[in-house]
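Spelled out from the first residue to the last, the chains are:
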Amino acid sequence: MKRTPFYDFHNQHNARFVEFAGYEMPLLYSSIIEEHQHVRAAGGLFDVSHMGRVKFTGRHARRFLERILTRRVSDQKPNTCRYAMVCNERGGVMDDVIVYRFDDHWLLVVNAANREKLLAHFNAHLGDLSLKIEDQTEKTAMIAAQGPKVMDLIGKFSSEVPTLKRFHFCTKNLLVLKLVISRTGYTGEDGVEVILPANMASMAIKLLLKDQSETAVIKPAGLGARDTLRIEAAMPLYGHEIGEDIDPFSAGLDFAVNLDKGEHDNGEPFIGQDALKTIAQAGPPRKLVGLAFDGKRTPRQHAEITISDKPVGQVTSGCLSPTLGHPIAMALIERDAANPGDTVQVNLGRTILDATVAPLPFYKKTPSKAAAPATSEQ
């Protein structure tokens, strides 16, 4: 298995490792619940170096991104990020990505499990466009600091970073470190994600986690807490809420799809646009909903959902919510099968649980003024 530049740190801090997308990654250090709760109360530091980072430069870089992404980027301003998707011809989601716009190039942050698939997809659709695609994953590292006290702590060292709006970024020089710091995250909390040179990773994490006392604001957190945090915040995960057989509309990601690409700007449609137009006109066959449970039994992915013994869908993700104190899940169900407040049954194999359809997200933190979403730049 591959190891990230922070592997020695994880090992020194008694991380319990797990294989994820070909990487040996920290699942937890103390416990998933403890790390989850510390992120909600103060702050956590996550190693997300396994995520792919792909740089695009050249005369036709922007045109190429318009071709492969569901979201329009031609009007994206420098130092901003946007959430978008890469779709196949059928309108299924090959991956969801974050698009960084620099003055002279673009950067896509992609899911670890999809990096090689996407690189092949990109090369297959270059056509006669002139651009360079550079996979920078191995050359760089990436960490995420998330939690309500993170920005106050960063404010002691930088006056610029805490003023960033959500989905904006800046480039900073810290000693010999060149950092790309974006106000983004995957936990439902405020915070930043940082891209830095791989050979500077050990220095960076020592600076960020200089305070390792029991009262430290930021403590290391593993993939286990990252998953429970993102489920509470109803953030999709590839292979669960999105996939090549799931369209963006079924997953509730309409905001990241521009179906009018190429109609007013002499451009071209994105791959999968025609299929998504057809789905949008008819209405998606499924919808993503939340489920809330009593007791402690937790539904897992693929658990069948029924209403009056009729199958209507499947669980996509589930966990015992550390914040709410009861099991929650996200599920894809038939479009007209149920609405918030309705009761459905979830088959766990040996037992069947009642669940209440709940609105998403399960957890939503009120953003600070500086972190308020800039809708046109998301």
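Residues numbered from 1 in each chain as written. Predicted model: local features only at pLDDT ≥ 70, side-chain atom pairs only at ≥ 80, totals over all residues. Heavy atoms only, no water.

S.K.: Is there a simple way to explain the confidence of the model for the protein chain in this structure?
M.R.: Predicted coordinates in areas of low pLDDT are best not read in detail. Considering every residue of the protein chain, the mean pLDDT works out to 93; 96% of them sit at 70 or more. Low confidence marks residues 368–378, where pLDDT is under 50. Its contacts with residues over four positions away, or in another chain, come to 34 contacts. (pLDDT = per-residue confidence, 0-100. Contact = heavy atoms within 4.5 Å.)

S.K.: Would you mind going over the pattern of salt bridges with me for this structure?
M.R.: Close approach of charged atoms allows side chains with opposite charge to pair. Counted by the stated rule, this structure contains 18 salt bridges. The residue R115 makes a salt bridge to D135 at a minimum N-O spacing of 2.5 Å. Separated by 20 residues along the polypeptide, R115 in helix α4 (residues 115–124) and D135 in strand β8 (residues 132–135) bring together distant segments of the chain. Residue classification places R115 among the buried positions, given a relative accessible area of 7%. Where R183 meets D190, a salt bridge forms, and the shortest distance between an N and an O atom there is 2.5 Å. What you see here is one network of salt bridges that share partners, running through K2, R115, D135 and E138. (Salt bridge = Lys/Arg side-chain N within 4 Å of Asp/Glu carboxyl O. Helix = DSSP H or I, 4+ residues; strand = E, 2+ residues; numbered from the N terminus. Buried < 20%, exposed > 50% of the residue type's maximum accessible area, 1.4 Å probe, protein only.)

S.K.: Can you walk me through the sheet that holds strand β5 (residues 80–87) in this structure?
M.R.: Sheets are built from strands paired through backbone hydrogen bonds, the pairs being either parallel or antiparallel. What the 5 strands build is an open sheet, ordered β5-β6-β7-β4-β8; its pairing is antiparallel. One side of each edge strand has no neighbouring strand; the edge strands of this open sheet are β5 and β8. Across the sheet, the mean angle from the axis of one strand to that of its neighbour is 25°, orientation sign disregarded. For β5 and strand β6 (residues 93–101), the ladder comprises 8 bridges, and the chain directions are antiparallel. The partner of R82 across the bridge, within β6, is V99. (Pairing = 2+ DSSP bridges. Axes fitted to C-alpha atoms, helices over the stretch in contact; angles between N-to-C directions.)

S.K.: Before we go on, may I ask you to explain helix α3 (residues 61–68) in this structure?
M.R.: Because each turn of an α-helix spans 3.6 residues, side chains separated by three or four positions in sequence point in the same direction. By the criterion of burial, α3 is predominantly enclosed, with 6 of the 8 residues buried. All buried positions along α3 are accounted for by A61, F64, L65, E66, R67 and I68. At its buried positions, α3 is contacted by β4 (52–57), β5, β7 (106–110), α4 and β8.

S.K.: How should I be thinking about the environment of I242 in this particular structure?
M.R.: Of note, I242 is situated in the loop between α7 (223–232) and α8 (273–282). For I242, a relative accessible area of 0% puts it in the buried group. Between the C-alpha atoms of I242 and D96, which are 146 residues apart in sequence, the distance is 8.3 Å. Residues contacting I242, with those up to four places away along its chain left out, are V93, D96, P236, L237, A251 and L253.

S.K.: Just to check I follow, could you spell out the nonpolar core for this structure?
M.R.: Where a protein is soluble and globular, its nonpolar side chains tend to be buried together. Membership of the largest hydrophobic core comes to 32 residues, with the highest contact counts inside it found for F46, I98, Y100, V109, I195 and L276. Secondary-structure elements contributing two or more residues to this core are β5, β6, β7, β9 (140–146), α7 and α8. Ignoring anything within four residues of it in the chain, the contact list for V109 reads M51, G52, R53, D96, V97, I98, Y100, M142 and I195. Core analysis: the next-biggest nonpolar cluster, separate from the first, contains 25 residues, A141, I143, V194 and A201 among them. (Core = buried A, V, L, I, M, F, W, Y, C linked by side-chain atoms within 4.5 Å.)

S.K.: Looking at this structure, how should I read the sheet that holds strand β17 (residues 327–334)?
M.R.: An order of β14-β17-β16-β15-β18-β19 is seen for the 6 strands of this closed barrel, with the pairing classed as antiparallel. Strand after strand, the sheet turns through a mean of 40° between neighbouring axes, direction not considered. In the sheet, strand β15 (residues 304–307) pairs with strand β16 (residues 310–320) via 4 bridges, with the strands oriented antiparallel. Bridge pairing in β16 links I305 to G313. Packing of α7 onto the sheet brings it into contact with β16 and β17, and relative to β16 it is tilted by some 130°.

S.K.: What's the story with unusual backbone geometry in this structure? I'm lost.
M.R.: Excluding glycine, a negative phi dihedral is what most residues carry, and trans is how most peptide bonds are arranged. Geometrically, the link from L360 to P361 is a cis peptide bond, its omega value of 0° lying close to zero. Its location among the elements puts P361 in the segment after β19 (352–358). Of note in this structure, F167 is not a glycine but carries a positive phi near 65°. With respect to the helices, strands and loops of the structure, F167 is situated in the loop between α5 (150–154) and β10 (169–174).

S.K.: Got a minute to help me understand α7 in this structure?
M.R.: Along α7, 9 of the 10 residues are buried, which leaves the element largely enclosed by surrounding structure. Looking only at α7, the buried set comprises L223, G224, A225, R226, T228, L229, R230, I231 and E232. Lining the buried residues of α7 we find β1 (16–20), β2 (23–28), α2 (32–41), β3 (44–47), β16 and β17. Downstream of α7 by one or two residues, A234 has phi in the positive range, about 55°.

S.K.: Help me understand the packing of aromatic side chains, please; the structure alone is not making it clear to me.
M.R.: Aromatic ring pairs are described here by two measures, namely the spacing of the ring centres and the angle between the planes. Within the structure shown, the criterion is met by 8 aromatic pairs. Ring geometry for Y100 against F169: centres 5.2 Å apart, planes inclined by 50°, an arrangement best described as tilted. In this pair, Y100 sits in strand β6 while F169 sits in strand β10, placing the two residues 69 residues apart along the sequence. Across the pair, exposure class does not vary: Y100 and F169 are buried alike. (Phe/Tyr/Trp six-rings, centres within 6.5 Å; stacked < 30°, edge-to-face > 60°.)

S.K.: Is there a simple way to explain the layout of surface pockets in this structure?
M.R.: The rolling of a water-molecule-sized probe over the atoms marks out the regions of remaining empty space. Space inside the second largest pocket adds up to approximately 750 Å³. What lines the second largest pocket is a set of 29 residues, among which I154, F157, L174, L207 and L208 lie closest to the centre. A breakdown of the residues in the lining of the second largest pocket according to their chemical character gives 23 nonpolar, 2 polar and 4 charged. (1 Å grid on protein atoms, 1.4 Å probe; cavity = no way out; pocket = protein on both sides within 12 Å on 5 of 7 lines; lining within 4 Å. Points joined across faces, edges and corners; volume = space filled by probe spheres on them. Nonpolar A, V, L, I, M, F, W, Y, C, P; charged D, E, K, R; others polar.)

S.K.: What's the story with empty space enclosed by the protein in this structure? I'm lost.
M.R.: Overall, the coordinates contain 1 cavity of 30 Å³ or more when judged by the stated rule. Roughly 30 Å³ of internal volume is contained in the largest cavity. Surrounding the largest cavity, F9, H10, Y29, L45, F46, D47, I205, L209 and P220 form its lining. Put simply, the parts of the chain that give the lining of the largest cavity at least two residues each are α1 (7–12) and β3. Here the lining of the largest cavity gets 3 residues from one element, more than from any other, and that element is β3.

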